[in-house]
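# Tertiary structure, described
Read off the chains here:
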Amino acid sequence: MSEKLLAGLQLMVFGMGMVYVFLIVMIFCMKLMSKIIAPIAAKQKAAEDAAKAAAAKPAGASANDAALAAAAVAAVAAARK
């Protein structure tokens, strides 16, 4: 009976250790991906801000120009996804 209890305890410790190692690896990968993605997200944010500024209707622009600018912004955003 004590052999089965000891084997169960060993299995439990091994399983919990594996979960702990997996969580550490997952956190490391998430931080690495965050550092990789940050510059890309900054570029996309800058492009979206520039597109919004360009889409703002200047004096003398027609409604068609604003629609074309909005379509261009949507196309760029869709192409980046």
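Scroll up to find the structure this text is about.
Residues numbered from 1 in each chain as written. Predicted model: local features only at pLDDT ≥ 70, side-chain atom pairs only at ≥ 80, totals over all residues. Heavy atoms only, no water.

## Quick notes on the overall build of the protein chain
Within the protein chain, the secondary structure is distributed over two helices and zero strands. Taking 81 residues into account, the globule formula puts the C-alpha radius of gyration at 12 Å, and the protein chain, at 27 Å, lies well above it. Considering only C-alpha atoms, the protein chain reaches an extent of 90 × 20 × 15 Å along its principal axes. Counting over 81 residues, the protein chain shows a buried share of 2%. Within the structure as shown, the protein chain displays about 7000 Å² of accessible surface, and the carbon and sulfur contribution to it stands at 75%. (Helix = DSSP H or I, 4+ residues; strand = E, 2+ residues; numbered from the N terminus. Rg over C-alpha atoms; globule rule 2.2 N^0.38 Å. Buried < 20%, exposed > 50% of the residue type's maximum accessible area, 1.4 Å probe, protein only. Areas by Shrake-Rupley, 256 points an atom, 1.4 Å probe, with all protein chains shown as cover.)

## Notes on a nonpolar patch on the surface
Together, Phe28, Leu32, Met33, Ile36, Ile37 and Ile40 make up a nonpolar patch on the protein surface, roughly 600 Å² of accessible area in all. Positionally, leucine 32 belongs in helix 1 (residues 2-55). The exposure class assigned to leucine 32 is partly exposed, which follows from its relative accessible area of 42%. (Patch = residues over 30% accessible without salt bridge, like charges linked within 9 Å, V, L, I, M, F, W, Y side chains within 5 Å. Salt bridge = Lys/Arg side-chain N within 4 Å of Asp/Glu carboxyl O.)

## Considering helix 1
The terminal C-alpha atoms of helix 1, which comprises 54 residues, lie 75 Å apart, in line with the 80 Å expected from a rise of 1.5 Å per residue. Taking the largest bend as the criterion, helix 1 deviates by roughly 35°, centred on isoleucine 37, and proline proline 39 comes between one and four positions later. (Expected span 1.5 Å × (residues − 1). Bend = angle between axes of the 7 residues up to and from the residue.)

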